[in-house]
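Spelled out from the first residue to the last, the chains are:
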Amino acid sequence: MNQHRRDFIKMTGLGLASAALPSGATGMPLANATSPQQFNMCNFATPKLETVRVGFIGLGNRGMAAVERLNKIAGVEIRAVCDLREGKVNEAIQLVAGNGHKPQGYHTHADAWKKLSERGDLDLVYILTPWALHTPMAVFSMNHGKHVCVEVPAAKTIDECWELVEISEKTRRHCMMTENCCYDFSELLTLNLARNGFFGEIVHAEGAYIHNLQEYVFDKERFYQFWELKELSQRTGNLYPTHGLGPICQVMNINRGDAMDYLVSMSNNDFVMGDTAKRLAISDPDFKPFVGKPFNGMMNTSTIRTKKGKTIVVQFDVASPRPYSRIQLVSGTKGAALKYPEPARISKGHEWLSPEEYKALETAHTPPIVKKIGEVAKQVGGHGGMDFLMDWRTIDCLRNGLPLDQDVYDAALWSSIGPLSEWSVAHRSNSIDVPDFTRGAWKTNAPIDISMEKGGTTGVRL
């Protein structure tokens, strides 16, 4: 049994040892791990890779889009692709053939991905599968000498979070969760303004994933084998926290000067998903297994306090008929920024700056990465270009021997909000400590370098 699973929290009066814990929320570890950090992966860099040899696992909606993006980045060689569906594998092979890539395909068998990860001629494995497979695939790949890019969330349980950290430290392989919202143009501007002192000291922030996904999760083609519908029908909490949380953590230097301390979380009931499953099951037996399931509440709100006394609010709602929002509120002692509802706004007092003032500020503080590759990223696309910015930056760091913008501690921490919120919801919104995956290194870890003074040498094939 994992040491961290044995280190259960001892919370007086909460009856944790006998309480019925929700799926994915068992074995909550102490905030400070008992075993020491094996190696600090923060700001860690590996030797330069002139060519980054990549294998992809998972060729669904996000997977095929990632293949298409990396196909446009110079210095990348796509050597392997994998999916359960042979048709998807063949589609990916044809997609990249025009740029001279000749990847081997793996498909059909449930363990075909292992053959890909075991190959000796890959540097990076890009994982774009259902959530439950993220950690097992990432751990296996790192244990076979590969760097890993893994879709969000990187883990479903606290034990999985610790496993990612321990294996990344042991193998000294990068484990980056591909949180693309950290590369949204508005979020990058906010980060650069924060670094330039525009907001003063950041004291509070709010993020979210509010996105009505009903038409997608009940669609037989969108999420293969109903994998996301299964997640939503089995767990209650903030199951998808990282889109709103990731950019905020970078602005607030979480894991790099500050750390999360504890969390409280509350969910309301489901008023929509269960009824939809019942209605669809009347005419389609494929939906009968979902009838009567305890679907996740429509809105979850989780509040986090940091070691330095700052606060973060993160919300999750994929069922309400509301406009899309990640909120992205950053509040400091001298100013504030808010992205949603769009257009993004910035203030230095009681009023938002005028559109003209905002534009002037944006021009004066355009982030270096946007100056370098922003227009190209918009041409390539992927959520307005932020997906391409993320992939280009990651490949450029590997090719230039630079630390990645996100490390395994970010992957573990941001993902941990899911199971921590489940526990809190199941225990009448009692607070629970957030594990320190850096084991105290947050006190001295340096913030990520956004200067682009190094690297930036990777070309693009348009």
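Residues numbered from 1 in each chain as written. Predicted model: local features only at pLDDT ≥ 70, side-chain atom pairs only at ≥ 80, totals over all residues. Heavy atoms only, no water.

## Topic: the overall build of the protein chain
In step 1: Within the protein chain, the regular secondary structure consists of 15 helices and 14 strands.
In step 2: By principal-axis analysis of the C-alpha atoms, the protein chain measures approximately 60 × 55 × 50 Å.
In step 3: Relative to its 462 residues, the protein chain shows a buried fraction of 58%.
In step 4: Contacts in the protein chain between residues far apart in sequence, at least 24 positions, make up 77% of those at least 6 positions apart. (Helix = DSSP H or I, 4+ residues; strand = E, 2+ residues; numbered from the N terminus. Buried < 20%, exposed > 50% of the residue type's maximum accessible area, 1.4 Å probe, protein only. Contact = heavy atoms within 4.5 Å.)

## Thoughts on the UniProt feature "domain: Gfo/Idh/MocA-like oxidoreductase N-terminal" (unreviewed entry) in the protein chain
In step 1: What UniProt calls "domain: Gfo/Idh/MocA-like oxidoreductase N-terminal" (unreviewed entry) maps, in this numbering, to residues 52–177.
In step 2: Regarding residues 52–177, the helix share stands at 42% and the strand share at 23%, and the terminal C-alpha atoms are separated by 18 Å. (UniProt positions renumbered as here; feature names shortened; annotations may be inferred.)

## Brief notes about the environment of A441
In step 1: Here A441 shows up in the segment after strand 14 (432–433).
In step 2: Taking the C-alpha atoms as reference points, A441 and I93, separated by 348 residues in sequence, lie 43 Å from one another.
In step 3: Each residue touching A441, except ones within four places of it in the same chain, is listed here: Q37 and N40.

## Thoughts on the packing of helix 10 (residues 242–251) against helix 15 (residues 408–426)
In step 1: One can describe the packing of helix 10 onto helix 15 by two numbers: an axis separation of 10 Å at closest approach and a directional angle of 140°. In this view, helix 10 runs oblique relative to helix 15, as classed from their interaxial angle. For the pair helix 10 and helix 15, the sense of crossing is right-handed. On helix 15, the residues that touch T242, L245, G246, C249 and Q250 of helix 10 are W414, S415 and I417. (Axes fitted to C-alpha atoms, helices over the stretch in contact; angles between N-to-C directions. Parallel < 35°, antiparallel > 145°, perpendicular 65-115°, else oblique. Left-handed = near helix turned anticlockwise from the far one by under 90°.)

## As for the packing of helix 13 (residues 368–380) against helix 14 (residues 386–400)
In step 1: Where helix 13 meets helix 14, the axes come as close as 8 Å, and the angle between the chain directions of the two elements is 125°. Between helix 13 and helix 14, the interaxial angle falls into the category oblique. When the axes of helix 13 and helix 14 are compared, the crossing they make is right-handed. Contacts from I369, K372, I373, G374, V376, A377 and V380 of helix 13 reach helix 14 at F388, L389, W392 and R393.

## Overview of the pattern of salt bridges
In step 1: A full pass over the atoms with the stated rule returns 27 salt bridges.
In step 2: In this structure, the salt-bridge partner of R53 is D123, at a minimum N-O distance of 3.0 Å. Residue R53 is located in strand 1 (residues 52–57), and its partner D123 is located in the loop between helix 4 (112–118) and strand 4 (124–127); the two are separated by 70 residues in the primary sequence.
In step 3: Relative accessible area serves as the criterion here: at 10%, D123 is assigned to the buried category.
In step 4: Connected via shared salt-bridge partners are R62, R69, E151, D387 and D391. (Salt bridge = Lys/Arg side-chain N within 4 Å of Asp/Glu carboxyl O.)

## A look at the side chain of R69
In step 1: Mapped onto the fold, R69 is located in helix 2 (residues 61–70).
In step 2: Within the structure, R69 has its side chain in polar contact with the side chain of D391 (distance 2.6 Å).
In step 3: Apart from residues lying up to four places away in sequence, R69 is in contact with R62, Y126, G381, D387, F388, M390 and D391. (Polar contact = N/O pair within 3.5 Å; in protein donor to acceptor, adjacent residues only side chain to side chain.)

## Details of helix 13
Because an α-helix completes one turn every 3.6 residues, residues spaced three or four positions apart along the sequence face the same direction.
In step 1: Relative to the 18 Å expected for 13 residues at 1.5 Å per residue, helix 13 spans 19 Å between its end C-alpha atoms, a close match to the ideal helical length.
In step 2: In helix 13, a bend of some 60° at G374 exceeds every other bend along the element.
In step 3: By the burial criterion, the buried members of helix 13 are I369, V370, I373, G374, A377 and V380.
In step 4: Residues of helix 13 that are buried in the fold lie against helix 7 (185–195) and helix 14. (Expected span 1.5 Å × (residues − 1). Bend = angle between axes of the 7 residues up to and from the residue.)

## Overview of the nonpolar core
In step 1: Counting residues in hydrophobic clusters, the biggest one holds 132 residues, and the most contacted among them are F56, Y126, L164, L229, L245, M260 and I369.
In step 2: Non-local contacts of Y126, meaning those with residues more than four positions away in its chain, are made with V54, G55, F56, I57, A66, R69, L70, C149, T178, M390 and D391. (Core = buried A, V, L, I, M, F, W, Y, C linked by side-chain atoms within 4.5 Å.)

## Points about helix 11 (residues 273–281)
In step 1: Among the residues of helix 11, M273, G274, T276, A277 and A281 are the ones counted as buried. The buried residues of helix 11 all sit within an arc of 160° when viewed along its axis, so they share a single face. In helix 11, the exposed positions that point more than 90 degrees away from the buried face belong to D275, K278 and R279. (Arc of directions from axis to C-beta.)

## Some words on the sheet that holds strand 5 (residues 147–150)
In step 1: Read across the open sheet, the six strands follow the order 3-2-1-4-5-6; overall the sheet is parallel. Whereas interior strands pair on both sides, the edge strands pair on one side only; in this sheet they are strand 3 (104–107) and strand 6 (175–177). Strand after strand, the sheet turns through a mean of 20° between neighbouring axes, direction not considered.
In step 2: Sheet topology places strand 1 next to strand 2 (residues 76–83); six bridges connect them, and they run parallel. Of the residues in strand 2, the one forming a bridge with V54 is I78.
In step 3: In the packing of helix 3 (residues 86–97) onto the sheet, the strands contacted are strand 2 and strand 3, and the crossing angle to strand 2 comes to about 165°. (Pairing = 2+ DSSP bridges.)

## Some points on the pairing of strand 11 (residues 329–332)
In step 1: In this structure, strand 7 (residues 202–210) lies alongside strand 11, joined through four bridges in antiparallel fashion. By the bridge assignment, H204 is partnered in strand 11 with S331.
In step 2: Pairing between strand 11 and strand 12 (residues 336–338): three bridges, direction antiparallel. Across the sheet, residue L329 finds its bridge partner in strand 12, namely L338.
In step 3: Turn length for the strand 11-strand 12 hairpin, with the two strands adjacent in sequence and antiparallel, is three residues.

## Some points on the UniProt feature "domain: Glycosyl hydrolase 109 C-terminal" (unreviewed entry) in the protein chain
In step 1: Using the residue numbers shown here, the UniProt feature "domain: Glycosyl hydrolase 109 C-terminal" (unreviewed entry) corresponds to residues 188–346.
In step 2: Its end C-alpha atoms 13 Å apart, residues 188–346 is made of 23% helix and 25% strand.

## Points about the packing of aromatic side chains
In step 1: Tallied over the entire structure, the rule returns 14 aromatic pairs.
In step 2: Taking the centre distance of 5.2 Å and the plane angle of 75° together, the rings of W113 and F140 count as edge-to-face. Placement of the pair is W113 in helix 4 and F140 in helix 5 (residues 134–143), with a sequence separation of 27 residues. The pair W113 / F140 is uniform in exposure class, with both members buried. (Phe/Tyr/Trp six-rings, centres within 6.5 Å; stacked < 30°, edge-to-face > 60°.)

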